[in-house]
Each structure stands twice: as structure tokens, then as C-alpha cells.
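Notes for the structure review
Residues per chain, in single letters:
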Amino acid sequence: SQRDRIQCSSLEVESKRTFLKGDKFQLQDVIEGQQFDRDILSAIFEVAREMETIEKKSRGSQLLNGYLMATLFYEPSTRTRLSFESAMKRLGGEVLTTENAREFSSAAKGETLEDTIRTVEGYTDIIVMRHFESGAARRAAMTANIPVINAGDGPGEHPTQALLDVYTIQREIGKLDGIKVGLVGDLANGRTVRSLAYLLAKYNDVKVYFVSPEVVKMKEDIKEYLTSKGVQWEESSDLKEVASKCDVVYQTRIQRERFGERSDLYEEARGKYIVDREVLDVMQKHAVVMHPLPRLDEDTLECIKGLTGRTPWLESVLKSLITVDVDADPRAAYFRQAKNGLYIRMALLKLLLLGW
Amino acid sequence: SQRDRIQCSSLEVESKRTFLKGDKFQLQDVIEGQQFDRDILSAIFEVAREMETIEKKSRGSQLLNGYLMATLFYEPSTRTRLSFESAMKRLGGEVLTTENAREFSSAAKGETLEDTIRTVEGYTDIIVMRHFESGAARRAAMTANIPVINAGDGPGEHPTQALLDVYTIQREIGKLDGIKVGLVGDLANGRTVRSLAYLLAKYNDVKVYFVSPEVVKMKEDIKEYLTSKGVQWEESSDLKEVASKCDVVYQTRIQRERFGERSDLYEEARGKYIVDREVLDVMQKHAVVMHPLPRLDEDTLECIKGLTGRTPWLESVLKSLITVDVDADPRAAYFRQAKNGLYIRMALLKLLLLGW
Amino acid sequence: SQRDRIQCSSLEVESKRTFLKGDKFQLQDVIEGQQFDRDILSAIFEVAREMETIEKKSRGSQLLNGYLMATLFYEPSTRTRLSFESAMKRLGGEVLTTENAREFSSAAKGETLEDTIRTVEGYTDIIVMRHFESGAARRAAMTANIPVINAGDGPGEHPTQALLDVYTIQREIGKLDGIKVGLVGDLANGRTVRSLAYLLAKYNDVKVYFVSPEVVKMKEDIKEYLTSKGVQWEESSDLKEVASKCDVVYQTRIQRERFGERSDLYEEARGKYIVDREVLDVMQKHAVVMHPLPRLDEDTLECIKGLTGRTPWLESVLKSLITVDVDADPRAAYFRQAKNGLYIRMALLKLLLLGW
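Residues numbered from 1 in each chain as written. Chains lettered and ligands numbered in written order. Predicted model: local features only at pLDDT ≥ 70, side-chain atom pairs only at ≥ 80, totals over all residues. Heavy atoms only, no water.

A look at helix H6 (residues 159–173) of chain A
Residue and element names in this part refer to chain A.
- Across its 15 residues, H6 extends 21 Å between first and last C-alpha, which sits within 8% of the 21 Å expected from 1.5 Å per residue.
- Within H6, 12 of the 15 residues are buried, which leaves it mostly tucked inside the rest of the structure.
- Of the positions making up H6, those classed as buried are Pro 159, Thr 160, Gln 161, Ala 162, Leu 163, Leu 164, Asp 165, Val 166, Tyr 167, Thr 168, Ile 169 and Ile 173.
- Trailing H6 by a residue or two, Gly 174 shows a phi angle of about 90°, which is positive. (Helix = DSSP H or I, 4+ residues; strand = E, 2+ residues; numbered from the N terminus. Expected span 1.5 Å × (residues − 1). Buried < 20%, exposed > 50% of the residue type's maximum accessible area, 1.4 Å probe, protein only.)

Take a look at the structure:
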């Protein structure tokens, strides 16, 4: 009952053609951003657009009626889980939720991931898995006879985030070839900007700007990859100058702990590498600001919490002050971006369960 | 995308007319008991009665088919959550559950309540929120473009509990004008009896009796409010005498920690201010005993747990002995009261999602 | 509102006839394996076979449309919970989930199990309860006016596991009368093999072999019970010899802590009492290996985790090496056994909610 290894190697970038059957592509699992080429991305985005229409116009779609999805989460990630479960339910499907799947593998009741998958696949039609170990999703997909979607496996992959990022660029800017993207903030840690860079390399004539403090700059492997794919890239410490040229400014959180003892560098980074009203002012009219969310760094939160004599009302106002001037700008795309995650996940569920 | 402030002020008692559109009322959020006047209460109760019929007669109502509710709980409250989720599912709607919403705002992934709401509103049609901070529900309602129901925000409000209490009085006694209500037990702490007193003040010719130990007596603000609204009230330490005159005896838990060092006063309070068979014996035939549940004080539980040589069976019997003589009396209304919570929540979901 | 005691005694083995009404049987609660006789078992298995067809052929059954099940779990058991929730949803029913029902009875909000049941029964049509105390399920069933299914109550009963074990034997071997079953591993602890022995005693001409280390051998009460029912049994320490004669080899986990200081005995037991390729080689062609799952003992897991320089991939391979030679054999029935749990639970939900 274990899936054929040959079929499994379809997960590799090299053998992506097994996703295509005749003129249609056949999606079996979603394990890593790398498994998609631009044709498949284009097909997924087309379905995502249809999903947008379904979500907005036809309350109570029955497209996935009778299908059951299990969210097998070995670590909590409420945002991602809700997005997947909403996607399934918006299409009329049903959900089995496990937020404490670690219990499966507790000391008291040791069980391999493989055994858990073999059991759970008997109860459901598709598995959405979040795991703390890199590579876990691939192992699950190799074991399961039903589709598996990777909802993040440790420091490894989070392919649906990468897909929704690229989809958002296409939706907001109207194209992917020829775009200019500024990646801003902590570029060394976190898989988001790395995955995005990988996917952007599949398009033509793309230019990427890396804008980050020295201690958290983009690693060499990505730069080499981009170069090898003919993507132009440039490093800069001038956020405003970059922002004025870009179609997309992709902001990420800057976290204090990455700076170690150098809190002076941290404070400087917070001042220099965060999109605010002044940055917006130099951006082009058609450009957008994106952010993977959550947005606030813990330090800002701590600062607000430390205010004496604060009331919930004051706190709310304070928090608004920090962001409302950017939020109110139509170019602030991050909540639309989060919503696009819903459409991408609806599309993937539809494609994996019903096919093209 | 933030809601107009003027619209939000409809939450204030003063501008309650914005709930009314022509002859119909328009309910946008449920934030606090105070937002309702007797006309709106009457309308909600009418819908609750219809819900009672739906729940009992037509298995599988599809009234809210295609609608999605998110239970965004920042602290667990299984009883309240189950009641809301049952209400939604009894009407054919679907639910996204988050019991650990605190994770959204964890140190590792700081996020404001406002950002969480802006994300979650993209996944659902209505948000039911439980929060540990007073005022959180109002902040959520101001941010969201979809309806928000407050399922309790810290020491603040728990409006659906207040609504189900008043609805239960009407269902059990058949009227609200002219009723006599005894509030018994700990009247200083907890929002239940306070909210109930506020709502009763909206009716005519109501008489309220406060029956409590000195250390946990009703606070002055409520007494002044009742007086200002022309509601007669009286303090008494004679539970039996009050019970003989009342239509409703509303019992609350008495907790040891409220008495500090004075365990003697605590023991006296437990003897004097708890409804038992003897109290029932002096009550009128049409009168009822209500309780917000859970019912047992922790001390009684500890006492039972401390019994040596106890078996589950013995424990069960012991627990029954404490209450079964009251439970068996048709005037014990507390489980019907809990069930009324279902009908009230069905009514609110219907009104917020479909309108009047 | 409390159920009649006479009715409740139908839970006892002695009065099993109350399950039968005319030619039909009436199932009210599922509390313990002992409540079933072979006629009822046979009827349940017949329905389970129908459920197998429904699950495989008719996506989106609406048999239990409009019905609501609450999974009231006082301790987590993701595997069991998922199986029940999948069963309900495969039949078109809906689910209210509580994984932390202990909160109901927390120190802060003391509440008896009886009060919880009286509240929850107002929100749902059937309760599936997991509890940490033996006898809790019976107490719940005595209180509730709706059906209760015991999903395990502490060291007490786990009747749906017992049912699925017997069902699996019938499905795999084609008969129950005249079968030869080897119970292997830790026979002293855990309710699984004990319950199975009880149920096997209801069939004719059954032979049971106990194969276990001395410290965890089958207790006297079961042996006496089997003798009193005319079931032949035999103890042996030669797994291969027994395996060659049996229709079913039922393996259970052997846990280090049962051996105290005697880790030498433990190591010996792991070598001698675990089904591997060599044991499979002597088994008959039609025979099967069963296991209640999870399968891996914690020690094996620890051993794998202790490997230096391991990668997820290596770990996965290592884990496969331990079992894959048995897993790949068609006589390894344990994942089919887990799947049968789904059919048995679908059958019980159908029988309890709709009747025969």
C-alpha cells in the first residue's frame, strides 16, 4: 500500500512533467514551492481566480461536498489552520481537526509519522500537515495513498505561503514577468522571502532588491540561484530609493534576538528598514506593500504594554497610530494577501481532490 | 476598511435607535447587555421562541447553510463555545474553532487583536470572541466588517448570558413587568447578577431582593442605577423570607477565597445562602430557581474528593444527595436555563447574519 | 429527567434481552464490551459491512444529516476521536469537539460529571465520552437522556476497540466459531486483550494461546472466566510454535517500565515476543497479525532518536527497516483493523441514532 517510489519522485523539480497528463496537469501532493513551474503556477492561479468568484458570489458551494480533510498539526498555527479549514468549508467539504498531533508521537504512545499517516488516511480524503521537522511532509506524502499538503514543516518549506505571495503579486500588479521586487527586513531567517525568491526566478526579466541590515542579509545560496537563473539582483541599504523603483515592497519582521548583544544595530534597523508613511510617499502609484503577517515585532508590542496608565482604548489608539497611516493606503496589500491565501488553498484542495 | 465610528457608536445605549430601520431593527454586533432596550429584547425573544421550534421539530434546518462562524477564544470556555457551535450547526451553518487564540498574540508572533480580526474576517462570516481583557469585544467590533458577538471579555461583559437569563424568566414566569427577583449568594463578584440587574431595570414595576453575606454584598453602583430607573430594591439576610415572596430565586456560587481569613463567615454563608429543600418548601408554586452554572463550589467538591475509601459510585451518590432533592423539583430551572442559551444564540446568529 | 434505573440495568450482561424489541434490538448506550451477546455482535457487524459499502461507494451519505455528536474528551486521544468524528461526518452528521473537557471540572469551576452531561445533552444528539475514571461512562449514561458511547474510561472499558477487534477477525478469517487466537506480549496490562478474551468467549470452540513474559502474563480472572465458558486456553513461551497453529496472532506493546529493574528480562522479552519476519514465515497462509496500535514501543523510538548523525530521511528508513518486512505482508492486518474501527463506529452511530 506504499506509494510507488517512481511516482513519488514526481515531487522533485527535475521530474515535474509527471504533473502533466496530456494537456492537463495532475497534482498529487503539495510539498515544496520548488515542485511548481510557471505553467503549473499559472494553472493554479487561474483556479484561484475561480475560487474568488465562488467565495464571493455563491454562498454554500457544494464542490467538495462529501470530502473530508484532516488538519494534522504537530505544532499549532492557528492562522494557517483556519485558512485551510475555511477553504475546505467554503467549498462544502468537511474537516477533522487535530491541533495536538504531537500526542500521536508522545513518549507514552510512541508512533512513527508513517504509522500515524497510515491510520489517518483511513479516516479522510486529504491530509494537511504542519510539522516541526524539515522533510516531514515529504515522508508523509511517500507513505500516504491520499494527497498531502505541506502546511509548513519546521525550517523547511511552506509552499502555500509562497504560492499566495506570487498570486498576490500577479493579482495586484497584473503581471509577473518584468516585475521589480524589494525584499526588506530580515532576509537571513525565515523561509518566506527565500521561497519567494525561488519562485520569482521562474519568471522573465525579474529584478530583485535585497534591503536589510548587515547581520540578517540574504544568504549566498539564493543569490547564486538567482544569478544562475538569469535574475538580476542588487543589495541596498536605502529603502526609500529601492521603494521608489519597485512594483512590490515585501516587508518582513525584524526580531531583536537576531542582533544578539548589538541592540544599537537593532534600533537602527527598526528605524531604517520598516515601511512607514515616508516610504509609501516615494512609492509608485501602482506599487504595493506586502507582508506575510503577523506584522508587529514583539518589541513594539512590549513597548506598548509597558506604557503606564494605559487603557485598552489608549492601547488600541496607540497601535493604530503605528500603522494606520500605512494601513489606510490602498497600496497596503497585506490583508488582501492573507485573503488570497484562502483562494490559493481552495484552488489546491479542488485540484488535489477533483483534478483539473 | 475600518468601520465608520458613527456606526460603531450604535453600540452605546444612547444611540440605540440605529438598531432600528423603519419598523425593523438592525443588529450589527452583540457587545454588551446595555445595548438592548426592551423592544429589541422582545424581538430577540420572539426569534428565540421560533428557534426552539426549529431545534425541536425540524432536524437539519438549513437556515444558515453556507454561513461560517469563527469561535475566536482567547481563553477556554467549553460550555459557552459548545453552546454557540451547537446553535450554528443546528441552523445548518459551519464553524471554525480556535480554542487557543492566544497563540495569535504570543511573544513569538506578536500581533494586535486588530490585525487578527482583519485576517480572520477574511475566512468567516461572523466572529464569536471570548477574550481575557475588558473592552476587547468592542475593539474587535470596531475593526471588523462582519458581525462580532462578545462571548465574554474578562471582567467586562457576557451579554448572551444576560440575555438568556432574562429570556428564561419570561419563559418560566410568563412575564417580565411586575416580577420579583431574589439575587442570592455572591453579589459583589462576577458579572452575571450585575448584568441581570441592569437588564431588569428596563422593565416596569420590578422588585429586586439582594440576599448575600456582608463581605460579598451588591455594590453601590447597581443600587444607585436601579433607584435612578425607579426599580425597588431591598437587602435581606433572610433567604427563606425572600424566597417565599419571589418569582425567581437566582442563586450564584459562593467561593471561599472571597472571605479571606474568615473561614467562619464562609461556613456560615454556605449554610445560610444556598437554596436547598427547605428554601424550596417556602417558595411559591409558580416560582423558579435559576443558576448560571457551573453549580458546585470548589469547596464542596474538595470535601467529596477528600472522602476516604470513596468509589466513583459513592461519589456519584454523594453528589446526588447534595442536589437531587432540588434537581427533581420542577421549579429547578437551571438546566432549562442552560438550554435557553442555545435558543438565544441561535436567534442572535440568525438576526446578525440574515437580519430580522 | 434522570433515566429509569431499570432501563439502565440493561447495561448489565444479565439483562441483555432489553436490547431486543420483538425481532429488533434496541441499542441505547455503548458502555462495555460485556453488554453484547453474539446475536447483537452479529447484528452490529452486519451494519458495519453496510457502512463499509457506504464509505467506499457513496460519497456524501446523508444518513445522519441533521444529527449532532459531541466528543466529550476528558483526556486527549486523537486517534479515537478522529475515528469517531470521521464516522459521524462520513454519514453526513455534524460534530461538536471538546478535547479539554477537564476544564468543566477544573478547580476554578467545579462541576460534577452529571451536571456537565445535563448541560451538554441540551446541545447535541449523542455523546461520545472519553474519561480518566473507571465507571464514568456508566454514570454519564445513567444521567443522559440521549445515547452515550464510551470511548474509553480510564483502566475500565473501551468497548468500541473490543468490537472492532472481533469484527476484524470475522472479516479477515471469515468466521469466529472455531478460531485459534494467540494473544502475544504484555497480557497483564491494558484492557485490549482482556476485552478481546471476554468477547471471544461468546463463540463456540475457540482456542486461546497466551504468549507472554512471566512478569506480564494473563491474570487469573480471565483464565477462570474462559474455563467457565468452556473456552480452551493454553500458556506458552514459544511464539513461533503458537503462531504456526493460530488463525490470528494478536500482538501488543511490551513496555520497559513493566519490568522494573530487570532490564535483562525486558531485552529478552523484546527479542522473544515480537512478531517479525521469522514468525510470519511459520504462520499459515490464511492467518493474520493484528495490533491495537500504536505499534512502536517507546524504547525502540528512543533508540532511533539516540542515533548520532541521524537525518529525518535516515530515521524514516530505520523505522521502515524494523517493520517494513512485516508491513508488506498481506497478512499484516493492523491498518485494516484500524480502518474497521471506522466502520464499527459508523454502525454504532447509525444504530443509536436511527435504530435497527
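Next comes the rest of the account.
Quick notes on the sheet that holds strand S3 (residues 68–73) of chain C
Residue and element names in this part refer to chain C.
- Spatial ordering of the open sheet is given by S4-S3-S5-S6, a layout of four strands whose pairing is parallel. Edge positions in the sheet fall to strand S4 (94–98) and strand S6 (148–153), since each has one partner strand and no second. When the angles between neighbouring strand axes are averaged without regard to direction, this sheet yields 15°.
- Summarising the sheet, S3 and S4 pair through five bridges and their orientation is parallel. Residue pairing for S4: Ala 70 is matched across the bridge by Leu 96.
- Of the strands in this sheet, S3, S4, strand S5 (126–131) and S6 touch helix H3 (residues 78–90), which is tilted by about 175° from S3.
- In this fold helix H5 (residues 136–143) packs onto S5 and S6, with an angle of close to 165° to the strand it touches most, S6. (Pairing = 2+ DSSP bridges. Axes fitted to C-alpha atoms, helices over the stretch in contact; angles between N-to-C directions. Contact = heavy atoms within 4.5 Å.)

Re the packing of aromatic side chains
- The tally for this structure, following the rule as stated, stands at 15 aromatic pairs over all chains.
- Between B:Phe210 and B:Trp233 the ring centres are 5.9 Å apart and the planes differ by 45°, which places this aromatic pair in the tilted class. Taken together, the residues B:Phe210 in strand S8 (residues 207–211) and B:Trp233 in strand S9 (residues 232–236) connect sequence positions 23 residues apart.
- For B:Phe210, a relative accessible area of 2% corresponds to the buried category.
- When the ring centre of B:Tyr67 is taken as origin, the NZ or CZ atom of A:Arg59, which lies over that ring, is 3.8 Å away. (Phe/Tyr/Trp six-rings, centres within 6.5 Å; stacked < 30°, edge-to-face > 60°. Lys NZ or Arg CZ within 6 Å of the ring centre and 35° of its normal.)

Topic: the packing of helix H6 (residues 159–173) of chain B against helix H7 (residues 192–200) of chain B
All names here are of chain B.
- Contact geometry for H6 and H7: axes closest at 9 Å, N-to-C directions at 60°. When the axes of H6 and H7 are compared, the pair comes out oblique. Crossing hand, H6 versus H7: right-handed. In contact with Gln 161, Ala 162, Leu 163, Asp 165, Val 166 and Ile 169 of H6, H7 contributes Thr 192, Ser 195, Leu 196, Leu 199 and Leu 200.
- Here the contact of H6 with H7 is built from residues that sort into seven nonpolar, three polar and one charged. (Parallel < 35°, antiparallel > 145°, perpendicular 65-115°, else oblique. Left-handed = near helix turned anticlockwise from the far one by under 90°. Nonpolar A, V, L, I, M, F, W, Y, C, P; charged D, E, K, R; others polar.)

As for the pattern of salt bridges
- The final tally for this structure, using the stated rule, is 86 salt bridges over all chains.
- The closest approach of N and O atoms between B:Glu52 and B:Arg171, which form a salt bridge, is 2.5 Å. Note that B:Glu52 is positioned in helix H2 (residues 38–57) and B:Arg171 in helix H6, a separation of 119 residues in sequence.
- Of the residues examined, B:Glu52 reaches a relative accessible area of 8% and is grouped as buried.
- Between B:Glu214 and B:Lys217 there is a salt bridge; the shortest N-O distance is 3.8 Å.
- Residue B:Glu214 is classed as exposed on the basis of its relative accessible area, which comes to 62%.
- Several salt bridges share partner residues, and in doing so they unite A:Glu214, A:Lys217, A:Glu220, A:Lys223 and A:Glu235 into one network. (Salt bridge = Lys/Arg side-chain N within 4 Å of Asp/Glu carboxyl O.)

Re the sheet that holds strand S11 (residues 288–290) of chain C
Residue and element names in this part refer to chain C.
- Strand order in the open sheet made by the five strands is S9-S8-S7-S10-S11, with parallel pairing throughout. Pairing within the sheet leaves two strands with one partner each, and these edge strands are strand S9 (232–236) and S11. Across the sheet, the axes of successive neighbouring strands diverge by a mean angle of 20°, strand direction being ignored.

With respect to unusual backbone geometry
Residues and elements named next belong to chain A.
- A positive phi is found at Asp 205, a non-glycine position, where the angle reads about 65°.
- Structurally, Asp 205 is set in the loop between helix H7 (192–200) and strand S8 (207–211).
- Judged by relative accessible area, Asp 205 falls into the exposed class, the value being 64%.

Notes on the confidence of the model for chain A
Residue and element names in this part refer to chain A.
- Here chain A shows a mean pLDDT of 84. Residues at 70 or above account for 82%.
- The low-confidence segment residues 1–21 (pLDDT under 50) makes 45 contacts with residues lying over four places distant or belonging to another chain.
- Counting contacts from residues 297–310, a segment whose pLDDT is below 50, to residues more than four positions away or on other chains yields 26 contacts.
- We note a pTM of 0.88 for the whole complex and an ipTM of 0.88 for its interfaces. (pLDDT = per-residue confidence, 0-100.)

Re the environment of B:Ala43
- Locating B:Ala43 in the fold gives a position in helix H2.
- For the pair B:Ala43 and B:Leu351, spaced 308 residues apart in the sequence, the C-alpha separation amounts to 9.9 Å.

Focus on the side chain of C:Asp329
Residues and elements named next belong to chain C.
- If you trace the backbone, Asp 329 turns up in the loop between helix H13 (312–327) and helix H14 (334–354).
- Residue Asp 329 is classed as buried on the basis of its relative accessible area, which comes to 9%.
- Within polar-contact distance, the side chain of Asp 329 engages the backbone nitrogen of Arg 331 at 2.7 Å.
- In this view, Asp 329 contacts Arg 277 and Leu 280; residues no more than four positions away in its chain are not counted. (Polar contact = N/O pair within 3.5 Å; in protein donor to acceptor, adjacent residues only side chain to side chain.)

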